Amino acid sequence: DTGVSQDPRHKITKRGQNVTFRCDPISEHNRLYWYRQTLGQGPEFLTYFQNEAQLEKSRLLSDRFSAERPKGSFSTLEIQRTEQGDSAMYLCASSPTGTSGNNEQFFGPGTRLTVL
Amino acid sequence: GEDVEQSLFLSVREGDSSVINCTYTDSSSTYLYWYKQEPGAGLQLLTYIFSNMDMKQDQRLTVLLNKKDKHLSLRIADTQTGDSAIYFCAEDFGSGNTGKLIFGQGTTLQVKP
């Protein structure tokens, strides 16, 4: 296993378009997280899944954002009607533990979104 | 609400020790973490400390936790040019063992030869 992968690595889109990002976690990691990172800031939590169940969404996540993890493996994050303020790096992380332990999260390389 | 604060920039000479500081607000955090981010690379977990500990050492890294003052620090001994990166502290937040993390804004470490 080569770690968490994300696709695409870069996406340029025009305002108002929809975009979808994919995250493939490390095999058998039951938790998957999405974060957003803007320039000069740390990552901000968006949402997370335990297997296929989406357990929490941040208040940062407007109704234009939706995330799925249909079979408890890969996840998609869709942004509808993109706005320039959505420009950021979108990070995915996965964790092997759901019940105890330090919840070490392994991060992917991110998808950089630029909205023109 | 929850907040994590870090100084933005630190410059040291190669071979010196670096100390990166962080303050946090959520006293219920179970674990606190230090991550490293290099240009074009993903976040890499460096080390973590359980909240009932006050110190953890891992090779060149020493983490100190002052729970009373909600202060966390990362000391890097014998800093090398390859340590140049952005360092983030993070705490888990929210009730239950969710693993949600809140990050500081990151400290850029510049190591001069």
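Quick summary incoming for the structure in this document. (Residues numbered from 1 in each chain as written. Chains lettered and ligands numbered in written order. Predicted model: local features only at pLDDT ≥ 70, side-chain atom pairs only at ≥ 80, totals over all residues. Heavy atoms only, no water.)

On a plain count of helices and strands, chain A comes out with 0 helices and 11 strands. Listed N to C, the secondary structure of chain A is β-β-β-β-β-β-β-β-β-β-β in terms of helices and strands. The dimensions of chain A, computed from C-alpha atoms along their principal axes, are 40 × 25 × 25 Å. For chain A, the residues scored as buried account for 49% of the 116 residues in total. When contacts within chain A are restricted to residue pairs at least 6 apart in sequence, long-range pairs at least 24 apart make up 54% of them. Carbon together with sulfur atoms contributes 44% to the accessible area of chain A, which is approximately 5,800 Å² in total. Between the averaged position of the 14 positive side-chain charges in chain A and that of its 13 negative side-chain charges there is a distance of 7 Å. (Helix = DSSP H or I, 4+ residues; strand = E, 2+ residues; numbered from the N terminus. Buried < 20%, exposed > 50% of the residue type's maximum accessible area, 1.4 Å probe, protein only. Contact = heavy atoms within 4.5 Å. Areas by Shrake-Rupley, 256 points an atom, 1.4 Å probe, with all protein chains shown as cover. Lys, Arg positive; Asp, Glu negative; His and termini not counted. Charge placed at Lys NZ, Arg CZ, Asp CG, Glu CD.)

Across the boundary between the two partners, chain B contributes 19 residues, which contact 24 residues of chain A. Summed over both sides, the interface between chain B and chain A buries roughly 1,700 Å², with carbon and sulfur atoms accounting for 49% of that surface. Viewed at the interface, chain A and chain B are joined by 1 salt bridge. The partner of E56 of chain A in a salt bridge is K100 of chain B, with the nearest N and O atoms 2.3 Å apart. Our count for the contact surface shared by chain B and chain A stands at 4 residue pairs in polar contact (both at pLDDT 80 or more). Residue assignment for the side of chain B that touches chain A shows that the elements contributing at least two residues are β4 (31-37), β5 (43-50) and β10 (101-103) of chain B. With 4 residues, β4 of chain B is the single largest residue contributor to the side of chain B that touches chain A. (Buried area = accessible area lost by both parts, 1.4 Å probe. Salt bridge = Lys/Arg side-chain N within 4 Å of Asp/Glu carboxyl O. Polar contact = N/O pair within 3.5 Å; in protein donor to acceptor, adjacent residues only side chain to side chain.)

To continue, consider the pattern of salt bridges. Using the criterion set out here, one finds 6 salt bridges over all chains in the structure. The partner of D83 of chain B in a salt bridge is R60 of chain B, and the shortest N-O contact between them spans 3.0 Å. Remark: R60 of chain B occurs in the loop between β6 (55-58) and β7 (61-66) and D83 of chain B occurs in the loop between β8 (71-76) and β9 (85-92); sequence separation between them is 23 residues. For D83 of chain B, a relative accessible area of 8% gives the class buried. K68 of chain B is the partner of D69 of chain B in a salt bridge, and the nearest nitrogen-oxygen pair spans 3.6 Å. Ionic contacts of the salt-bridge type, sharing partners, join the residues R64, E83 and D86 of chain A into one network.

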